[in-house]
Structure formats: structure tokens, C-alpha cells
Amino acid sequence: MNETVRASGTIWGVFGHRLALDGAEGKVLVDLGPTGIEGLDLRIGDPVSVSGQRKPSEIKVTGLTLADGTERVLTWPDRPPPDGLKPGEAVDPAPAVANVKAAGYVAEGSPRRKPKHFEITAFKDGKRHELHVGLDGAIRKIKAAA
């Protein structure tokens, strides 16, 4: 979902550096980035046009056009990858599995790598759980599994 899209509409909400637009495409949330709102006095009712990358919940804006035709190019800071790793870079799941075992769980199957964590299905006290374990091995989330 990284296609470049355009949206135009009237601002119906301002939430920090995010705007809620209502236009021909319907209602959409747009993110101007941590510094994108600086120097702008955007208000509810202002018409704007944006272009940027479509994400599941919003548009990450790279171009903004105001009602008077003023155009602004927005840049996003490069963020370091989580734990200093590149997406898909090999990570040893052994620490994650060891911490799950130390917490009293019995892992089922192999850990599934996600960008920032492993998902491990495991049993404890006769119940099946899904654990999210950080790439550093720390258990971050436990939820009941079907």
C-alpha cells in the first residue's frame, strides 16, 4: 500500500500535524509529518490539496497545496530501523524462544518474524496464546489464541 495518491477537500479537523479532509474521495486522514505543519495556519473549513503515500490509515503527505495556490513540499525524516536492523534482516529467534520458555510457555511451531518482533504461538496452563516477542527477546504482548 505505498501508492502515491492525491486528495482534495475541506479541513474538518486538525489534530497536531494531522488533518482530516472531506472531499470528493470521502473523508481521509492526512499526516503532514512532525515538521510539516510548522509555519502554517490551517483551520477548519480551509480547502487544501495533498499528495503523498497511501498507508492503511492515512496519507503521508509529501506535497501540500493551499487555497491560494501556494505549494509546499514536505520531507520526512529518515528513521533508523528498529533495533538497528533492516527489514527482513536475519535475526536469531533463539533469545525470543528462550524467554518464552523461561516465562513458563511451551512454544508450538516456529517463531514467525515480523518487522519489529516475532510472533510465537505457545501453551501455558492448558491455554493457547500468541506472544509478540521483540527482536531483543523481550515479551511485549500476550493474547489468547484461537
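Residues numbered from 1 in each chain as written. Predicted model: local features only at pLDDT ≥ 70, side-chain atom pairs only at ≥ 80, totals over all residues. Heavy atoms only, no water.

(A) Local environment of the overall build of the protein. Helix and strand counts for the protein stand at one helix and 10 strands. Mapped from its N terminus to its C terminus, the protein presents α and β elements in the order β-β-β-β-β-β-α-β-β-β-β. Radius of gyration (C-alpha) of the protein: 21 Å, far over the 15 Å computed for a compact globule of 146 residues. Expressed as lengths along the three principal axes of its C-alpha atoms, the size of the protein is roughly 60 × 30 × 25 Å. (Helix = DSSP H or I, 4+ residues; strand = E, 2+ residues; numbered from the N terminus. Rg over C-alpha atoms; globule rule 2.2 N^0.38 Å.)

(B) A look at the pattern of salt bridges. Throughout the structure, instances matching the rule amount to 10 salt bridges. Residues Lys60 and Asp31 are paired through a salt bridge, measuring 3.0 Å at the closest nitrogen-oxygen approach. A residue pair is termed long-range when its members are at least 10 positions apart, and Lys60 in strand S5 (residues 59–66) and Asp31 in strand S3 (residues 26–31) qualify at 29 residues. For Lys60, a relative accessible area of 22% corresponds to the partly exposed category. (Salt bridge = Lys/Arg side-chain N within 4 Å of Asp/Glu carboxyl O. Buried < 20%, exposed > 50% of the residue type's maximum accessible area, 1.4 Å probe, protein only.)

(C) The arrangement of the nonpolar core in detail. Core analysis: the biggest nonpolar cluster contains 15 residues, and Leu21, Val30, Val50, Ile59 and Val61 have the highest contact counts within it. Breaking this core down by element, the ones donating at least two residues are strand S1 (4–15), strand S2 (18–23), S3, strand S4 (47–54) and S5. Those residues in contact with Val30 that lie beyond four places of it in its chain are His17, Arg18, Leu19, Leu21, Val50, Ile59 and Val61. The next biggest cluster of nonpolar side chains, apart from the first, holds 10 residues, and it includes Ala96, Tyr105, Phe118 and Leu131. (Core = buried A, V, L, I, M, F, W, Y, C linked by side-chain atoms within 4.5 Å. Contact = heavy atoms within 4.5 Å.)

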